[in-house]
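The lines below spell out each chain.
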Amino acid sequence: MTDLGSNIIGIEEDRVTNTHSNDFPAYSQSIGSGWDLEAFKKKFQLNVSFITERTANFDLIGLDTSIANAYRRIMISEVPSVAIEYVYIFNNTSVIQDEVLSHRLGLVPLKVDPDLLTWVDQSADEKDKFTDENTIVLTLNVTCTKNPNATKGDNRPENLYRNSNVYARDLKFEPQGRQLETFKDHPVVPCDPDILLAKLRPGQEISLRAHCILGIGSDHAKFSPVATASYRLMPQINILQPITGQDALKFQECFPSGVIGINEKGEAFVKDPRKDTVSREVLRHERFKGKVTLGRVRDHFIYNVESTGAMTPEEIFFKSVRILRNKAEYIRNCPIGNVN
Amino acid sequence: MGRIDVEMKDADEAFDDLLEPVYKGKSLTDPIDTAKDKWNLLPAFLKVKGLVKQHLDSYNFFVDVDLRKIVKANQLVLSDVDPSFYLKYLDIRVGYKSNGDPKRPEVLLPPHECRLRDLTYSAPIYVDVEYTRGKKIIIHRDLEIGRMPIMLRSNKCILNGRTEKEMAYLNECPLDPGGYFIVNGTEKVILVQEQLSKNRIIVESDGKKGIVQASVTSSTHERKSKTYVISKNGKIFLKHNSISEEVPIVIVLKAAGIVSDLEILQLVCGDDSVYQDIFSVNFEEASKLGIFTQREALEYIGRKVKTVRRMNSPKLTILQEGTEAIATTIVAHLTVEDLDFREKALYIATMTRRVVMTMHNPKLIDDRDYAGNKRLELAGQLLSLLFEDLFKKFNNDFKANLDKILKKPSRASEFDALLHINIHSNNVTAGLNRAISTGNWSLKRFKMERAGVTHVLSRLSYIAALGMMTRISSQFEKSRKVSGPRALQPSQFGMLCPADTPEGEACGLVKNLALMTHITTDNEEAPIRKLCYLLGAEDISLADSATIHTNGTFGVYLNGTMIGTTRYPIEFVRKFRHLRRRGKVSAFVSIHTNVHQSAVHIAADGGRICRPLIIVENGKSRVKAGHLRKLKNDEWRFDDFLSHGLVEYLDVNEENDSLIALYEEDIVPATTHIEIEPFTILGAVAGLIPYPHHNQSPRNTYQCAMGKQAIGAIGYNQFRRIDTLLYLLCYPEQPMVKTKTIELVKYDQLPAGHNATVAVMSYSGYDIEDALILNKASIDRGFGRCQVLRKNTSVLKRYPNHTKDIVSGMRVDKEGKPIFQHAALGQDGLAEVGSPIQSGQMYINKCVPSNAMESVVGGPQQNNRNQPQEQQQDHEQQFREAPMVYRGPEKSYVDQVMMTVGDNDQALIKVLLRQTRRPELGDKFSSRHGQKGVCGMIVKQEDMPFSDQGISPDIIMNPHGFPSRMTVGKMMELVSGKAGVLRGTLEYGTCFGGSDLDDMSKVLVEKGFNYGGKDMLYSGTTGEALQAYIFFGPIYYQKLKHMVLDKMHARARGPRAVLTRQPTEGRSRDGGLRLGEMERDCVIAYGASQLLLERLMLSSDAFDVDICQGCGLMGYNGWCPMCKSSENIVKMTIPYAAKLLFQELISMNIAPRLKLSDVF
């Protein structure tokens, strides 16, 4: 039985122990800060390992699982983003059916700042529903023709035909009304221009108009601004007895490279537990029995947020914080919450 | 000598190969491991033969060989009236004329056009005839007597030998196996029929009655009959349907010319005293009846013959009757020439001998279920039976017609028979078409009446179509509860798939061919007979009766008939096999020794199952690395292996004569053959299962049934097809863990399923009883998304009075918009491609003339013949709308609209409607291990558990599915799949092979995962780590065709049956949901009487009746017609069914009288 107050999750060969979080009020007299702001401030850390345009990897240390998970959930499903929702097909003679093409279009991530759009009023009249404030219009007009300058002997369709492949980059932004102004500097384009939408052959054409609106991931996955947003817990490796010689090499092999180092004495030491993938390989071997315990730090969350491209990953995270705060605000102001 | 030559040559070639440093891009260092690479023979085999070779071979044999034989057997048409007239068929051809090339048949309508236009894919049958016109003999070539349906991909089909590009031009899928027919636009398969072998002696015994019987079913082109030699109370008789009584065997043998008792004893018992003791009692029977000579015996039999004489044939004497019975009816497959009965006598003696042997040793009975005693009847044989029947009828009709005309004394012009032959030509065409399209094979000659011979080719998935082509149906009754024919026979090993059989009543009766099985076609007997004599067999007709059954003498049997004897059977068989391996005898002729019967059996008949094996000589496989290299370099094909004597076909009987090693290390000195590849014991459908050898066997059987229901890709031409019902998957994926079979049958090019990431854990309780939890985000992204295409056909009919159906246009409302019902229509009254169509909207605005049924003559129109314009106007007003309206719970889109002209010059309109469906609650999914489940809940991605990498599963499967099902293969698929994903490779789960689990675990560890495939997951709802490690990885999941949308049904009010006024039954009729007996019992037990009353009467068929308390019968309108009064009438409510019952009873003179009183 692990210590109740311990914030280390036990990684055993066949089970995970001590998984429950306890950093919330009234869990115990002695354990946790019970949402004491000062204690939290002292404990909390944010370390950023790297941020690129599409990916952010950062650690949040010292907060309760429920909060950490809330950010993850909100990033996946509640941070709004823009995607194609309505497709008006004028002509589609390709092999791909209208519904499937529309579905594919919907999943194309668009480079649009969602803050520039307002929500579509679903209760509004069909006529007034879409305005230049809430809708972006994209068109796709592609006709496949034979390539008159095709090189002989090259039978690849890219050579024989023009527009044999329809890519996301063929979606053209049509600014409406004031959008000429608002989107002047950053016109709407797909985040990944090379997404294949359909294949055509001479004589086939696609002609359509698509309305992109604001939505959230819980409505449809296409509105989710992240590809993945998740966290893992910080691995912890405790070497109980010194492991030396051949065993040390073997021990090193049980972990991904860089996790275990061997010092000049030939003794294995934990170099970088962050790199461990917790494969538990070490627990399989009889010779390490009792010499090592594995664990994970329950309040050390290593976040990995991959954006689909519309927003930077840190922006997505900040939005999730904002949304969580708004929710808390709402509950605080809620009549039910104010009974006493 | 010859073989040495070949070997020398091979050695030379192999040596030459070795001298070259780089051989066709392969250096010497590239090892060719015969043990591992010999499986390459399998794709080579399939390349030559294809997956449905048995159907194609059989059909080709029929069209090229059998057809000629049939015509030759019926070549003369004579007239009873004019003796100088004759017509003789010289030749018959299908698909090409006398000056044409048999390899390049005439251009037919492409098969796909036939499918779309509801036509029959057929080619003309041409005959060359020679006949007399007056005094002249005239030869007429290329007379078309009908059209023959063409089997797709046969050598008469235009698809034969086409490249992929040409196939695309013809709108055909290059992966389509062919082997079926297109009749009236539907694809029809003639299933392989399994039967007990014909013209072979089968010995059976009935233990209770002490009966031993040898029977033979004789089957020739002319007749079919069954002859028994049966032992009763120790005495042996001959039994035949056309002989009224059982005839003592000695009398039969005497009638067949073996008069001497000694000779009979020699032929039946040889010199074995035990057999002589058993048989001797039979001589008494004959002497008691005073029959000693052949004449007496023939007369005895003649008296017992049931005579069915035709009208005009002359009456025969008793002796003639007896002679004819022996000559033609008994053991009818042996033909008697010049009344020489010796061959037949020997045959009957052999049958008798087998009975005697079995009486002595009951173990010698034959096994009916043994695969070597079975013959498979294929499309070619069935068609040949049918064609012969039709051809005979055709000739008879022609002859009757001739006679009718020739009878007339004077003719204006010279009689030309050809003018009368074409009249009936439709009979052949229509007969063939009808039989194939209905599946009713009715042949008058054999009194054969078989239904359900053909089936519509299932196009549910590619595998379903493929599975249908390898299916074998048995002639046994499905209802009989016998286990024997259903059991898996050891002799089926390698020939029939052990896993692929349906569950339920047809279990074990419907089988499937294994991957390398071949079915033989008929071979000529005469050359083989000659060869036997050359190899030292003594001709039976010259042999002394005394020597035939002496010890050490082996009979040589060809197709079940003894043709000779040999004293050196081992040498004889060895030489024969040697010649076969050299290609001097057809590869499909089998030879084996039966020591119990002291017999060498040679089989050259069609319908035997056989399979190729590698020959082993002197403990070494004959296939060497050099040969395999040649195969790899495309120098050799499979047939080269056959012709060089490296590989040979063995049928079931010959397999029993061989010692076949599974692997090279199993070879012992006595080994004769080695398997090409062990996984070929499975069929095409069972071959899809990864690691099937780790599964509990019924699970593989379940998967075989379910693989055929999986939605996926059908063929490359799937979007060009207009089928009644077509299910397609939007994003099919090839499986991560495939098998060699998958590659061979090209399932990876037409797959049916997704590689779903599966977490084996419980979640929420909505996953009990095999239910699955699906990830909503996965569904959003296209997981399990499928399309359902449904065909709707309409024919614009023409009527006898020159009116016809029309399509009228679209109607608009005041604003110029089409009215609701016409929203999907275009200007032409047909639905427009791409438009959505709601329930209640029409897709063809068809109008039927209201006077369609009026006759052409006599109507009022006849009077206005001189006023055509007015009539025209009348016409326009006289149309009644008969639109095709779409009904369905969900809207559809118009996918295709086709308008064409069918067979009978009537316009044919086909509208294909499409629905795209995303998985929903209740849709059925299954893995490839017989583990089906319905979707129990759809969970949002954020609620799904996730791993360190942030992966959340597509499917959560409850772990309770594993312990009782024991589908270890599924777990191995997960581990291999996971390793493959991490490594970027496709892994193999081939039966008896595949990726090694230890290797896969090693890959997992290398990539930082747990060796067992279990990951630590975090709960999606709380964010905490789960307390157990979760088995997590990709498993190939199939979406099955059973979808909730097609099954959902509810009813409050609705239609009622006319007779009983109760709600109708079934979803299709919008029926009620029945409160059945058991439910009723519950309500009774609970005591809810008012509920009972409501459910059973008020909500069903309540009816108010007037009951007369005077007479107890029913009246009406407050009046009793019996009592002629309205005094005692009482109104009450009873079920209409009860009222109906009373009236029916009254109609049968039973008066049910109702006595009413108060209950409380």
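Since the structure is predicted, the reported quantities are computational estimates derived from the model, not experimental observations.

### Digging into helix α9 (residues 273-288) of chain B
Since the α-helix advances by 3.6 residues per turn, residues separated by three or four positions end up pointing in the same direction. Residue and element names in this part refer to chain B. With 16 residues, α9 should cover 22 Å at 1.5 Å per step; its first-to-last C-alpha distance of 23 Å lies within 8% of that length. At Phe279, α9 shows its strongest bend, of approximately 30°. Tyr275, Phe279, Asn282, Phe283, Glu285 and Ala286 are the residues of α9 that are buried. Elements in contact with the buried residues of α9: β13 (235-240), β14 (247-248), α7 (249-255), α8 (261-269) and α12 (342-360). At the N-terminal end of α9, a side-chain oxygen is found 2.9 Å from the backbone nitrogen of Val274, two or three residues along, and the residue is Asp272. In the stretch just after α9, Gly290 is the one whose phi turns positive, near 70°.

### What about the UniProt feature "domain: RNA polymerase Rpb2" (unreviewed entry) in chain B?
As recorded in UniProt, the sites labelled "domain: RNA polymerase Rpb2" (unreviewed entry) are residues 198-377, 456-519, 556-617, 638-670 and 1071-1156 of chain B. Structurally, residues 638-670 of chain B is divided into 30% helix and 21% strand, and its ends, taken at the C-alpha atoms, are 26 Å apart.

### A word on the UniProt feature "domain: DNA-directed RNA polymerase RpoA/D/Rpb3-type" (unreviewed entry) in chain A
The UniProt record marks residues 55-334 of chain A with the feature "domain: DNA-directed RNA polymerase RpoA/D/Rpb3-type" (unreviewed entry), using the residue numbering of this structure. Counted over residues 55-334 of chain A, helix gives 24% and strand 33%. Its end C-alpha atoms are 36 Å apart.

### Some points on the pattern of salt bridges
Overall, the coordinates contain 81 salt bridges over all chains when judged by the stated rule. One salt bridge connects Lys222 of chain A with Glu85 of chain A, and the closest N-O pair in it is separated by 2.9 Å. Taken together, the residues Lys222 of chain A in the loop between β14 (205-215) and β15 (226-239) and Glu85 of chain A in strand β5 (residues 81-92) connect sequence positions 137 residues apart. On the basis of relative accessibility, which here comes to 31%, the residue Glu85 of chain A falls in the partly exposed class. Several salt bridges share partner residues, and in doing so they unite Arg577, Arg580, Arg581, Glu617, Arg622, Glu648, Glu654 and Asp657 of chain B into one network.

### Regarding unusual backbone geometry
Its identity as a non-glycine residue notwithstanding, Asn163 of chain A has a phi of 60°, on the positive side. With respect to the helices and strands, the residue Asn163 of chain A is situated in the loop between β9 (161-162) and β10 (165-167). Its identity is not glycine, yet Ser598 of chain B carries a phi of approximately 45°, on the positive side. Looking at the secondary structure, you find Ser598 of chain B in the loop between β25 (590-594) and β26 (599-603).

### Looking at the interface of chain B and chain A
Taken together, the 44 residues of chain B in the interface contact 42 residues of chain A. With both sides pooled, the region where chain B packs onto chain A buries about 3600 Å², and carbon together with sulfur makes up 48% of that total. Where chain B packs against chain A, one counts three salt bridges. The salt bridge partner of Glu99 of chain A is Arg914 of chain B, with a shortest N-O separation of 2.1 Å. At the junction of chain B with chain A, the criterion picks out 29 residue pairs in polar contact (both at pLDDT 80 or more). Of all the elements in the fold, those that place two or more residues in the side of chain B that touches chain A are α25 (776-780), β43 (892-901), β44 (907-917), β47 (946-947), β50 (1014-1018) and β51 (1025-1039) of chain B. Tallied by class, residues from the side of chain B that touches chain A come to 14 nonpolar, 16 polar and 14 charged.

About the cut-offs
- Residues numbered from 1 in each chain as written.
- Chains lettered and ligands numbered in written order.
- Predicted model: local features only at pLDDT ≥ 70, side-chain atom pairs only at ≥ 80, totals over all residues.
- Heavy atoms only, no water.
- Helix = DSSP H or I, 4+ residues; strand = E, 2+ residues; numbered from the N terminus.
- Expected span 1.5 Å × (residues − 1).
- Bend = angle between axes of the 7 residues up to and from the residue.
- Buried < 20%, exposed > 50% of the residue type's maximum accessible area, 1.4 Å probe, protein only.
- Contact = heavy atoms within 4.5 Å.
- Polar contact = N/O pair within 3.5 Å; in protein donor to acceptor, adjacent residues only side chain to side chain.
- UniProt positions renumbered as here; feature names shortened; annotations may be inferred.
- Salt bridge = Lys/Arg side-chain N within 4 Å of Asp/Glu carboxyl O.
- Buried area = accessible area lost by both parts, 1.4 Å probe.
- Nonpolar A, V, L, I, M, F, W, Y, C, P; charged D, E, K, R; others polar.

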